[in-house]
Amino acid sequence: MSDEKRFLPTQEFTMPKMGESITEGTILNWLVQEGDTFEEGDILVEVATDKVDNEVPAPAAGTMISHKVSAKDVVAVGAVIAILELSDIASAKMSQAEKMPEKGTSANTKKPALRQTQGDSAAKSKAFKVNENLFISPLVDAVARKNHISYEELARITGTGKDGRLRKSDVTNYLNEGRPFQFAQTVAAPSGFQVPDLKFDKGTGKLVEMDRMREMIADHMVYSKHTSPHVTAYVEADLTDMVVWRNANKLKFQEKHGEKLTFTPLFIEAVANAIKDFPMINSSLDGKNIIVKEDINIGMATALPTGNLIVPVVKNADKKDLKGLASATNELVSKSRSGNLKGDDMKGSTFTISNVGTFGSLMGTPIINQPEAAILATGIIKKRAEVIEKPEGDVIEIRSMMYLSLSFDHRIVDGYLAGSFLKRIADNMESFDVERTF
């Protein structure tokens with residue numbers, strides 16, 4: 001390395017934030033080795049976060065001085081992972097970003113400016129308020145992911161859509177301006193209520209650090225409860241005919257189709273048929289508009305060996321026969337427990353089922369899987385003595401009963417729709433055809 005090159009500026013290259021709840025990532029592979037040169041936009045390193053691989057581009061042209069971490073290392077967001085030596089041009093751009101814009105400078109000039117105009121008090125403090133009510137459409141989300149823009153950074157962009165909503169053009173213009181808020185620090189908006197620091201005595205004991213998946217689940221659940229006003233409805237279903245048919249045919253079904261016949265595909269079938277009768281349940285809220293989904297994709301909460309839950313998705317469940325549903329559910333459960341799920345296996349869910357009966361629970365009050373409108377919990381199938389009305393009079397019989405509970409977003413689903421939909425699921429289960437063939 002020449003003496004002249006040693007005086008070129010160096011910069012710490014940190015682990016970027018690649019998602020709202022991502023706190024760390026695993027280094028998969030360095031694509032630029034120590035001593036190699038690169039151009040702006042070249043992929044320097046591949047990082048894995050929650051089974052999704054991400055490519056991290058170079059911020060400017062330069063040389064890789066040293067790697068601070070190695071492949072397979074787990075690194076916290078914001079930690080230094082490499083030292084870069086930037087070119088003179090890149091250095092000039094970064095220096096200019098720390099200065100106030102000169103008179104006559106074009107607003108569309110592409111440069112990584114970290115400040116706004118002189119009159120902007122937020123810029124003077126290097127802090128920017130965020131849009132706490134930000135709604136991110138799938139189109140904006142796709143653009144953000146492509147350019148490695150976190151949700152926190154998106155919240156700093158001024159939206160020009162209706163009610164301040166963020167549009168694709170807003171993100172595109174922001175990129176063209178050089179992402180001026182990329183490294184800005186946020187300030188909390190004033191609130192009429194501040195959470196008091198009550199100094200609870202949390203006790204002592206063994207400390208167990210959350211893994212990444214548990215952290216993401218926690219963030220997602222808190223976000224869902226904060227976003228959607230949850231209401232839960234309950235109904236009881238008599239599954240005697242379904243249980244008798246399944247027990248009598250599960251071995252024949254496996255011999256004929258090579259698939260295990262659990263209750264899950266039977267439940268999904270009953271739910272998908274009910275959604276066709278009540279399509280408004282299969283929806284999401286987009287600002288002040290309700291998106292009624294064309295596809296019926298059923299997510300099924302699946303327990304992992306670690307104790308965490310993941311939600312793989314049965315795509316187009318309403319168009320599959322029982323063999324297709326059994327095949328899809330068995331494959332997704334197997335891939336979940338072996339850690340071989342792909343990103344596409346967990347995308348596109350429009351309604352979710354959580355079978356809490358698997359753990360012996362009588363019923364549950366599930367939290368909505370955002371941005372869906374509702375989620376169903378199925379309890380344990382339990383034999384009980386029930387009073388059955390018959391033409392000759394009431395009789396007591398042993399029946400296989402199950403509680404169903406539906407948590408729904410009361411912003412877009414009212415009690416009548418939720419109750420009617422839940423009752424239709426129960427009716428579908430109770431009217432199971434015991435003469436059914438496969």
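Residues numbered from 1 in each chain as written. Predicted model: local features only at pLDDT ≥ 70, side-chain atom pairs only at ≥ 80, totals over all residues. Heavy atoms only, no water.

Caption draft 1: Representation of the overall build of the chain. Secondary structure assignment for the chain yields 11 helices and 21 strands. Within the chain, buried positions represent 39% of all 438 residues. In the chain, 63% of the contacts between residues at least 6 apart in sequence involve partners at least 24 apart. Carbon and sulfur atoms make up 51% of the accessible area of the chain, which totals about 24,800 Å². (Helix = DSSP H or I, 4+ residues; strand = E, 2+ residues; numbered from the N terminus. Buried < 20%, exposed > 50% of the residue type's maximum accessible area, 1.4 Å probe, protein only. Contact = heavy atoms within 4.5 Å. Areas by Shrake-Rupley, 256 points an atom, 1.4 Å probe, with all protein chains shown as cover.)

Caption draft 2: Inspection of the environment of Ala60 at higher detail. Note that Ala60 resides in the loop between β5 (52–57) and β6 (62–67). On the basis of relative accessibility, which here comes to 11%, the residue Ala60 falls in the buried class. Counting along the chain gives 26 residues from Ala60 to Leu86, while the straight-line C-alpha distance between them is 6.8 Å.

Caption draft 3: Summary view of the pattern of salt bridges. Inspection of the entire model under this criterion finds 12 salt bridges. The partner of Arg411 in a salt bridge is Asp409, and the shortest N-O contact between them spans 2.7 Å. For the salt bridge of Lys423 with Asp427, the shortest nitrogen-to-oxygen distance reads 2.7 Å. Taken as a pair, Lys423 and Asp427 lie in helix α11 (residues 415–430) at a separation of 4 residues, close to a single helical turn. Overall, the relative accessible area of 26% leaves Asp427 in the partly exposed class. Ionic contacts of the salt-bridge type, sharing partners, join the residues Asp238, Lys390, Glu397 and Arg399 into one network. (Salt bridge = Lys/Arg side-chain N within 4 Å of Asp/Glu carboxyl O.)

Caption draft 4: Highlighting the side chain of Thr26. As for its position among the elements, Thr26 is in strand β2 (residues 24–30). Using a relative accessible area of 16% as the deciding quantity, one classes Thr26 as buried. Those residues in contact with Thr26, other than ones at most four positions away along the chain, are Glu46, Val47, Ala48, Lys72, Asp73, Val74 and Arg212.

Caption draft 5: How the structure looks around the packing of helix α9 (residues 263–277) against helix α10 (residues 322–338). At a minimum axis separation of 9 Å, α9 and α10 run at an interaxial angle of 120°. Of the possible angle classes, the one that applies to α9 and α10 is oblique. Taken as a pair, α9 and α10 cross one another with a handedness that is right-handed. On α10, the residues touching Thr264, Pro265, Leu266, Ile268 and Glu269 of α9 are Leu322, Leu325, Ala326 and Thr329. (Axes fitted to C-alpha atoms, helices over the stretch in contact; angles between N-to-C directions. Parallel < 35°, antiparallel > 145°, perpendicular 65-115°, else oblique. Left-handed = near helix turned anticlockwise from the far one by under 90°.)

Caption draft 6: Spatial organisation of the confidence of the model for the chain. Model confidence for the chain is summarised by a mean pLDDT of 82, while 82% of its residues fall at 70 or above. Mean pLDDT across the elements of the chain bottoms out in helix α3 (residues 121–124) (35) and peaks in α9 (98). Predicted confidence is poor over residues 1–6, with pLDDT under 50, and the contacts of this stretch with residues over four places away or in other chains come to 7 contacts. When the criterion is pLDDT under 50, residues 91–130 qualifies, and its contacts beyond four places in sequence or with other chains add up to 64 contacts. (pLDDT = per-residue confidence, 0-100.)

Caption draft 7: Here's a closer look at α10. Spanning 17 residues, α10 covers 24 Å between terminal C-alpha atoms, matching the ideal 24 Å at 1.5 Å per step. Buried positions along α10 lie against α8 (240–257), α9, β14 (298–300), β15 (302–303), β16 (309–310) and β17 (313–314). Just beyond α10, the residue with positive phi is Gly339, at close to 75°. (Expected span 1.5 Å × (residues − 1).)

Caption draft 8: Geometry of the sheet that holds strand β8 (residues 80–86). Pairing in this open sheet of 4 strands is antiparallel, and the strands run β1-β8-β6-β3 from one edge to the other. Edge strands, defined here as strands with exactly one partner in the open sheet, are β1 (10–14) and β3 (37–38). Of the pairings in the sheet, the one linking β6 to β8 comprises 5 bridges and is antiparallel in character. Opposite Thr63, over in β8, you have Glu85 as the bridge partner. (Pairing = 2+ DSSP bridges.)

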